[in-house]
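Each chain is listed here by its residues.
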Amino acid sequence: MACKPLLLVLLLSFSFSFAQDQQPQSPTTPLVPALFVIGDSSVDCGTNNYLGTVARADRPPYGRDFDTHNATGRFSNGRVVVDYLALNLGLPFVPAYLGWRSGNYQDMIHGMNYASAAAGIFFSSGSDMGQHVSLTQQIQQFSDTAQQLSLSLGPGPAADLIVRSVVYVSIGSNDFIHLYLANSSNIQSEYLPWEFSHILASNLKQELKNLYNTNARKVVVMGIAPLGCTPHYLFEYRSQDGRCIKEINDAIIEFNFELKYMVNELNKELAGAQFTFCDAFEGSMDILANQRLYGFETTTEACCGMGLYGGWIMCLLPEMACQNASTHVWWDEFHPTDAVNKILAENVWSGLHVKMCYPINLQEMVPQATSPTPAQVS
């Protein structure tokens with residue numbers, strides 16, 4: 001009899017330990033039919049693995065802290081933002097469109113990821129890195145997916161699936177990195193930062209209208225994170241104290257303001273549209289300002305890289321990486337760690353730490369329950 005309390009304690013201890021090792025619980029029924037992802041390396045999950053480009057993350061130490069502990073093409077030590085959002089929505093991780101080979105529509109009914117590292121709003125952005133799938137091409141791939149679903153499910157059910165699904169768009173960084181900040185073709189002498197931002201936002205607005213014309217209604221538009229705080233620009237501008245580069249961040253703030261205004265316009269112009277803008281700059285700056293509260297030890301040094309702040313050479317070898325990425329804000333010269341992606345995803349979902357999304361967050365955008373579509377039943 002005396003062993004029963006000890007046995008109970010051991011069982012409770014085991015249960016707690018087992019629970020701690022599990023993934024975050026997802027809704028048993030998906031809140032939306034699917035998640036479609038359009039963007040750049042911030043959300044690329046393997047598209048560039050299939051392209052001739054130096055912008056690839058298909059080798060260690062990328063992915064070392066991912067669920068499979070393998071490099072998948074994600075520019076992170078682990079998950080990217082949309083991986084966490086998929087779990088919140090009750091969906092599996094969304095596969096890369098270029099990796100879809102089966103020809104079976106059931107492999108795409110939970111969504112597709114079209115994002116390609118180095119892609120920008122302008123077609124030429126990032127072309128110096130090699131091949132990539134441009135924003136316009138990604139929109140076309142989304143349209144092709146809609147047509148494939150229409151052929152498999154019928155026009156009505158396919159349109160209904162897309163209407164009730166979420167489209168996540170995260171793009172624009174490479175237009176600054178590879179064009180404006182690089183002063184490609186002396187572009188800075190032609191456009192002031194606010195003029196460049198306005199042109200970018202106008203081009204993106206038209207592409208978002210194309211999404212709407214393909215029945216996308218629930219659309220999250222992610223702003224650009226503070227590029228002026230990335231290890232790359234801290235190195236390039238020789239920041240002496242790790243202070244962010246103000247002129248770069250000012251340009252990003254200008255662009256994000258344009259995106260917020262653009263989303264407000266789209267919601268007024270397009271019937272039934274539920275577009276929302278999520279300010280990655282605001283969410284990231286909150287992390288940088290409150291690093292200790294979030295558990296980060298450094299906000300300037302990349303976990304994996306070389307040179308001042310690890311911003312000279314991108315992450316190439318496992319030996320270049322720090323031991324514990326969770327204490328770092330930045331994984332490599334441009335991309336945040338899994339730990340930061342989780343925080344940003346929590347803000348996109350519910351504003352858990354700081355309000356990032358306007359006019360609504362993702363949780364407010366989706367219904368609390370979704371009746372199964374024919375695709376989900378089969």
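Each value, and the rule that gives it
Residues numbered from 1 in each chain as written. Predicted model: local features only at pLDDT ≥ 70, side-chain atom pairs only at ≥ 80, totals over all residues. Heavy atoms only, no water. UniProt positions renumbered as here; feature names shortened; annotations may be inferred. Helix = DSSP H or I, 4+ residues; strand = E, 2+ residues; numbered from the N terminus. Buried < 20%, exposed > 50% of the residue type's maximum accessible area, 1.4 Å probe, protein only. Areas by Shrake-Rupley, 256 points an atom, 1.4 Å probe, with all protein chains shown as cover. Core = buried A, V, L, I, M, F, W, Y, C linked by side-chain atoms within 4.5 Å. Contact = heavy atoms within 4.5 Å. Pairing = 2+ DSSP bridges. Axes fitted to C-alpha atoms, helices over the stretch in contact; angles between N-to-C directions. Disulfide = S-S within 2.5 Å. Salt bridge = Lys/Arg side-chain N within 4 Å of Asp/Glu carboxyl O. 1 Å grid on protein atoms, 1.4 Å probe; cavity = no way out; pocket = protein on both sides within 12 Å on 5 of 7 lines; lining within 4 Å. Points joined across faces, edges and corners; volume = space filled by probe spheres on them. Nonpolar A, V, L, I, M, F, W, Y, C, P; charged D, E, K, R; others polar. Parallel < 35°, antiparallel > 145°, perpendicular 65-115°, else oblique. Left-handed = near helix turned anticlockwise from the far one by under 90°.

As annotated in an unreviewed UniProt entry, the chain carries the name GDSL esterase/lipase and comes from Acorus calamus. Recorded in UniProt for the chain, the comment headed Sequence similarities (unreviewed entry) runs: "Belongs to the 'GDSL' lipolytic enzyme family."

*Asks:* Sorry if this is basic, but what is going on with the overall build of the chain here?
*Replies:* Looking only at helices and strands, the chain has 13 helices and seven strands in total. Within the chain, buried positions represent 55% of all 378 residues. A total of about 16,500 Å² of accessible surface is found on the chain, and carbon and sulfur atoms cover 56% of it.

*Asks:* Just checking my understanding: could you explain the nonpolar core for this structure?
*Replies:* General note: in soluble globular proteins, nonpolar side chains tend to be found buried as a group. Residues V167, F176, L204, L208, L211 and L227 are the most contacted members of the largest nonpolar core, which totals 64 residues. With eight residues, the single largest contributor to this core is helix α8 (residues 246-269). If we skip the residues at most four places from it in the chain, L227 touches S173, F176, I177, L181, Y233, I248, N249 and I252. Of all hydrophobic cores here, the second largest spans 39 residues; its members include L85, M222, L288 and L344.

*Asks:* I tried to follow the sheet that holds strand β4 (residues 274-278) on my own but got confused; where do I start?
*Replies:* Sheet strands line up and pair through hydrogen bonds in the backbone, either parallel or antiparallel. Pairing in this open sheet of five strands is mixed, and the strands run β1-β2-β3-β4-β7 from one edge to the other. The open sheet has two free edges, formed respectively by β1 (35-39) and β7 (357-358), since each of these has just one partner strand. Bridge analysis of β4 against β7 gives two bridges, and the strand direction is antiparallel. Counted as the bridge partner of F277 is Y358 from β7. Of the strands in this sheet, β1 and β2 (166-170) are in contact with helix α3 (residues 135-153), which crosses β1 at around 160°.

*Asks:* Mind showing me how you'd approach the state of the cysteines here?
*Replies:* Disulfides are covalent bonds that connect the sulfur atoms of two cysteines. Using the criterion set out here, one finds four disulfides in the structure. A sulfur-sulfur distance of 2.0 Å marks the disulfide that ties C229 to C244. When the S-S torsion is 110°, as for the bridge of C229 with C244, the disulfide is right-handed. Within this pair, whereas C229 is found in the loop between β3 (218-222) and α7 (231-236), its partner C244 is found in the loop between α7 and α8, the two being separated by 15 residues in sequence. On the accessibility criterion, C244 (27% relative accessible area) is partly exposed. Sequence-ordered numbering of the disulfide-bonded cysteines in the chain gives the connectivity 1-2, 3-8, 4-7, 5-6.

*Asks:* How should I be thinking about helix α2 (residues 81-88) in this particular structure?
*Replies:* Each full turn of the α-helix corresponds to 3.6 residues, which orients residues three or four apart in the same direction. Counted residue by residue, α2 has seven buried out of eight residues, so it is predominantly covered. Regarding α2, the residues found buried are V81, V82, D83, Y84, L85, A86 and L87. Here the buried face of α2 lies against β1, β2, α11 (338-350) and α12 (362-365). Following α2 by one or two positions, G90 adopts a phi angle in the positive range, close to 80°.

*Asks:* Looking at this structure, I do not really get the pattern of salt bridges. What am I missing?
*Replies:* Proximity of charged atoms lets side chains of opposite charge pair with each other. Summed over all chains, the structure comprises 11 salt bridges. Taking the shortest distance from any N to any O, the salt bridge between D160 and R164 comes out at 3.0 Å. Note that D160 and R164 are positioned in helix α4 (residues 155-164) at a spacing of four residues, about one turn of the helix. For D160, a relative accessible area of 36% translates into the label partly exposed. The partner of D241 in a salt bridge is R243, and the shortest N-O contact between them spans 3.3 Å. The residues D241 and R243 share a single accessibility class, namely exposed. Salt bridges here are not isolated pairs; linked through shared partners, they connect K205, K209, E265 and E269.

*Asks:* Got a minute to help me understand the environment of E297 in this structure?
*Replies:* Relative to the assigned elements, E297 resides in the loop between α10 (291-294) and β5 (298-302). Sequence-wise, E297 and T327 are 30 residues apart; in three dimensions their C-alpha atoms are separated by 5.2 Å. In this view, E297 contacts Q291, R292 and T327; residues no more than four positions away in its chain are not counted.

*Asks:* How should empty space enclosed by the protein be read in this particular structure?
*Replies:* Over the atoms a probe the size of a water molecule is rolled, and this reveals where empty space is left. Across all of its chains, the model carries one cavity of 30 Å³ or more by this definition. What lines the largest cavity is simply L35, V37, C45, R74, V82, D83, A86, V94 and N113. Sort the elements by how many residues they give to the lining of the largest cavity and α2 lands first, with three residues. Its residues assigned to classes, the lining of the largest cavity shows six nonpolar, one polar and two charged.

*Asks:* Sorry, what's going on with the packing of α2 against α11 here?
*Replies:* Relative to each other, α2 and α11 sit at 45°, their axes nearing to 8 Å. Comparing the axis directions of α2 and α11 gives the class oblique. Note on packing geometry: the crossing formed by α2 with α11 is right-handed. Listed contacts from α11 to V81, Y84, L85 and N88 of α2 are D338, N341, K342, L344, A345, V348 and W349. A class-by-class count of the residues in the contact of α2 with α11 yields seven nonpolar, two polar and two charged.

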